[in-house]
Every structure is written in structure tokens, then in C-alpha cells.
Amino acid sequence: MSCCPKKEAPATSCCPTKEAPAKSGETIMKEVEEYYGKVLSTSKDLKTSACTASARPHRLIMDIIKKLPNAVTEKFYGCGAPLPLGIDGLSVLDLGSGSGRDCYVAATLVGEQGKVTGIDMTQEQLVVAREHAEAYTKSLGYAKCNMEYLHGYIEKFPESIKDGSYDMVISNCVVNLSPDKPAVLREAYRALKEGGEFYFSDVYCDRRLPQHVKDHEVLWGECISGALYIEDFIRESNKAGFTDPRELSRDEIKVLDPELSAITGNAKFYSITYRLFKLPGMLETKCEDYGQFAVYKGTIPGNQHNYMLDDHHVLITGKPFLVCGNTAAMLGENGKSWLAKHFTITGDRSVHYGLFDCSSPPAVTASASSAASCAPKGGSCC
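*Asks:* An account of unusual backbone geometry is needed here, citing residue identities and associated values.
*Replies:* With phi around 60 degrees, Asp244 is a residue other than glycine that occupies positive phi space. In this structure, Asp244 sits in the loop between α9 (230–240) and β7 (246–253). The exposure class of Asp244 is buried, given its relative accessible area of 5%. Phi is positive for Asn334, which is not a glycine, with a value near 65 degrees. Position of Asn334 relative to the elements: it lies in the loop between α11 (325–331) and β13 (343–346).

Dropping the structure here:
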């Protein structure tokens, strides 16, 4: 017996229908450009919480955001706060910079000696970002504007973005909109200096989405259809060279519109901020124990008492903290990481003690959050 009807049976069937052919990358890009350039006027027009799901940014960043031009903040569609503190003097590249909100904040944080570049494919957004840049940086007392905005695509950066030219790459709820996410990861890795970091927030899913969800135009524009399955993202990050992705924060996203919720079904979506370090030859697929420990100097603004590397490593100022080789590298072993000036790493890799023991918390707890145990929710420490 079969549940499939014979040819003469009515059209209704218990057999699943074939998925329609997937949309081309070019079609997806055009739809995204149209959605963000013409369909959405402000963030109030959104139909999901994808662009409002994140926790409140650090108070120092909030203070900066309050002083930004209204036109810039009204057209902000991000899902997180990928804006690390302590980046004075660094070069920052923002992928899918939109109206420029995160670039304006970064321009403040890096200071007059730093530089910020935004890439976006939507001309309407670039007009807003460029319009206020000169006046804003002048209000900071800068002799010249430290922001620039380039029209282009995050799958293949403009030619002016050279290999190893940026200390930090950021992005806010944009990678999921790309039809070629592995290409974005490869380009971010290419543009980073050794010791640099891809620090970004995006939308992820607890499963691989079926094609009819991926092809839904509104859900794609709302950052839902393009959400990568979390485990696939970790695999692709490793392929691109970003070994041991670290999860910093996670917030659930709600699909508010009933019709759209019916399409997504039981899938769960999250806004996650990841930290991906470019440290070739220093990061291993497993967390190995070399008897090293790190001490945080308390020198990052707004983090004088402790520093949160990821969701399971919070270092208290002045207190020795046992770390695996990967964490030691991220915090500044051999002076490679951009974080190196803020940490003292003791120990080298001359003696190996096996896998790093993640079964019990290191000798430190977070003062402002739960215990900083080596028990990751996502990414890897082990």
C-alpha cells in the first residue's frame, strides 16, 4: 500500500510536493536591496523582532548612540551590538553598514587616529550614512572625517579593501542576508590583519530551513529565511580559517506576524554575537592544556573590573585565570591578538598536559553575570 494517490485521484495528496527551484543569488540580492532601500522606511516597519532582539548595549555605547543624528538611527536594522570597547586607534570594517549607525559609534571609539569603513549595496542607505559623517566627526573635534562608505557587496569586497588591512571587522544582522555566506567569511578573513577579529551579530536557526522558507521574500528581508543552522555556521567558519568560534551572547527572536509564523513552523531563531579571531597556526580544533594562565589588566574602558571574552570566560581584573591554548592566543599570547596589550599571558606551549579540563569552572567568577564556567552554549572552548 502507498499513501500516494493514483493518477486519477484528486489533486489533494498526503505525499509531500517537490520544493520549487531555489532562487538565484542575484535574485536574492535584488530583493534585499529593494526591501531595505524602498520597502522599509524605519525600523518600525519590521514584522519580526529580528532587528530588536538584542540586549541593551553597554552604557558607554548607549551614550554615543544618543548623540547620533536621528536620520542615522531611524534606519538602523541591526540585531545586536557588535561594538567592542577598547579599540582606540584601530581600523574597523563594517559589512552591510546600512545607514551607518555602527560606523558612527566605531568612529567615536577608535578616535581620530583610527579609521572606519562601511560597505553596503543599498544606495539609499549610503546616502544617509554619508550625509552626516563630516558634521558628526567635526562635532567630536576631529580635524578630518575618519569614516568612509563604499558601495559594494560583502561577498566580494571593493578592490580598495586590501589583504590584511583591518584590525576589526564588524557586522550587524547582515551576513544572513547574503546568498553566499562562506564567501563573506572568506572575505572577512582575508581583510583582517593577523591578530584581528570578526566581531559580529547575526540571526541563526536551530535547524536547516526548507527551501520554501528560504525563498520567502519578506522573511528573507526580515533576516529570518537566510538564518544559518548554528552548527553549519561553525563548520563554515572553520573552513574559512576562523578556528574555534566563540559565542558572546544569545537572544531568542520572535516571529510576530501570524502568517509568517505559520510558515516558519517549529524552527527557533536566535540573535547571536560571535567572536572569530584570525590567528593562523595558533588556534587548534580542540582546547588543549599547556598550563597557561591569563591576567586581565583592567585597561579596557567600561570594563575596569572584569572582561567578558565569551559566554563562559569572564576574567576579573588582576586575578590569574587558567586558560587553554586557544584562549591564551585570543587574549594575546606572543603579542599577536589586538587584545594583547590588555592581558598578561604566563606560560608557553613547551609542555602539553592533554585536553583542557572544561568539567569545572576556572578559578574566577563573573561579578555581573553567572559563574564563568568553561561550559559553552555555542561555539567552542573544548
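*Asks:* So what's going on with the sheet that holds strand β12 (residues 321–323)? Residues and values would help.
*Replies:* Strand pairs in the sheet, formed through backbone hydrogen bonds, run parallel or antiparallel to each other. Overall, antiparallel pairing links the 3 strands, which are arranged β12-β9-β13 in an open sheet. Every other strand in the sheet has two partners, leaving β12 and β13 as the edge strands with one partner each. The sheet shows a mean angle of 30 degrees between the axes of neighbouring strands, direction not considered. Direction of pairing for strand β9 (residues 292–296) relative to β12: antiparallel, over a ladder of 3 bridges. Of the residues in β12, the one forming a bridge with Gln292 is Val323.

*Asks:* Report on the pairing of β9, specifying residues and quantitative values.
*Replies:* Most of β9 sits out of view: 4 of its 5 residues are buried. Where β9 and β13 come together, 4 bridges link them in antiparallel fashion. In the sheet register, Tyr296 faces β13, and the bridge partner there is Phe343.

*Asks:* So, the confidence of the model for the protein: which residues are in play, and what are the values?
*Replies:* Per-chain confidence: the protein averages 86 in pLDDT, with 80% of residues scoring 70 or above. Of the regions scoring below 50 in pLDDT, residues 1–18 engages in 6 contacts with residues more than four places distant in sequence or in other chains. Here residues 40–45 scores under 50 on pLDDT; set against residues more than four positions off or in separate chains, the count is 14 contacts.

*Asks:* Could you give an account of the nonpolar core, with specific residues and numbers?
*Replies:* With 49 residues, the main nonpolar core has Met147 and Leu339 as its most contacted residues. Each residue touching Met147, except ones within four places of it in the same chain, is listed here: Cys103, Tyr104, Ala107, Val116, Ala133, Tyr136 and Thr137. One finds Ile119, Tyr166, Ala188 and Tyr204 within the second-largest nonpolar core, a separate group that totals 29 residues.

*Asks:* Lay out the pattern of salt bridges with the relevant residues and their values.
*Replies:* Evaluation of the coordinates by the stated rule reveals 15 salt bridges. Measuring nitrogen to oxygen at the nearest pair gives 2.9 Å for the salt bridge that ties Asp206 to Arg207. By relative accessible area, Arg207 is classed as partly exposed at 34%. Connected via shared salt-bridge partners are Asp163, Glu187 and Arg190.

*Asks:* Which residues make up the packing of helix α6 (residues 181–191) against α9, and what are the values?
*Replies:* At a minimum axis distance of 9 Å, the contact between α6 and α9 shows a crossing angle of 40 degrees. When the interaxial angle is binned, α6 and α9 end up oblique. Where α6 crosses over α9, the two elements pack in a sense that is right-handed. Residues Pro182, Leu185, Arg186 and Tyr189 of α6 pack against Phe233, Glu236, Ser237 and Ala240 of α9. Grouping the amino acids of the contact of α6 with α9 by side-chain chemistry returns 5 nonpolar, 1 polar and 2 charged.

*Asks:* Account for the environment of Gly221, with residues named and values stated.
*Replies:* The residue Gly221 is located in helix α8 (residues 217–221) in this model. Sequence separation between Gly221 and Leu177 is 44 residues; the distance between their C-alpha atoms is 7.2 Å.

*Asks:* An account of the packing of aromatic side chains is requested, with residue identities and associated values reported.
*Replies:* Taken as a whole and assessed by the stated rule, the structure comprises 11 aromatic pairs. With 5.8 Å between their ring centres and 40 degrees between their planes, Tyr296 and Tyr307 make a pair best called tilted. Of this pair, Tyr296 sits in strand β9 while Tyr307 sits in strand β10 (residues 306–310); the two residues are 11 residues apart in sequence, bridging distant segments of the chain. Tyr307 gets classed as buried once you look at its relative accessible area, which sits at 6%. Arg101 extends its terminal NZ or CZ atom over the ring of Phe76, reaching a point 3.6 Å from the ring centre.

Definitions and limits used
- Within each chain, residues carry numbers counting from 1 in the order of the written sequence.
- Restriction of local features to residues with pLDDT of at least 70 applies here, the model being predicted, together with a cutoff of 80 or more for giving and counting side-chain atom pairs; totals for whole chains, interfaces and linings are based on all residues.
- The basis for every side-chain value is the complete set of heavy atoms in the structure, and neither hydrogens nor water enter the calculation.
- The way it works is that DSSP assigns letters per residue, a run of H or I at least four long becomes a helix, a run of E at least two long becomes a strand, and they are numbered from the N terminus.
- Accessibility here uses a 1.4 Å probe with only protein chains present; expressed as a share of the type maximum, an area under 20% marks a residue as buried, one over 50% as exposed, and anything in between as partly exposed.
- Two strands qualify as a pair provided DSSP detects at least 2 bridges between them.
- Geometry is summarised by axes, namely lines fitted to C-alpha atoms with helices restricted to the contacting stretch, and by angles between N-to-C directions that run from 0 to 180 degrees.
- Summary of the metric used: pLDDT quantifies the predictor's per-residue confidence within the range 0 to 100.
- Contact between two residues is taken to exist if any of their heavy atoms lie within 4.5 Å; hydrogens are not considered.
- Among buried residues, the Ala, Val, Leu, Ile, Met, Phe, Trp, Tyr and Cys ones that are joined through side-chain atoms within 4.5 Å form a nonpolar core.
- Whenever a carboxyl oxygen of Asp or Glu lies within 4 Å of a side-chain nitrogen of Lys or Arg, that contact is scored as a salt bridge.
- Should an angle lie under 35 degrees it is considered roughly parallel, over 145 roughly antiparallel, and from 65 to 115 roughly perpendicular; all remaining angles are considered oblique.
- Should the near helix be turned anticlockwise from the far one by less than a right angle, the crossing is termed left-handed; should it be turned clockwise, right-handed.
- Only Asp, Glu, Lys and Arg are considered charged, only Ala, Val, Leu, Ile, Met, Phe, Trp, Tyr, Cys and Pro nonpolar, and every remaining residue, Gly among them, polar.
- For this analysis, a ring pair means two rings from Phe, Tyr or Trp (six-membered ring only for Trp) whose centres lie within 6.5 Å, classed as stacked if their planes differ by under 30 degrees, edge-to-face if by over 60, and tilted for the remaining angles.
- Geometrically, a charge over a ring is one whose NZ (Lys) or CZ (Arg) sits within 6 Å of the ring centre while staying within 35 degrees of the ring normal.

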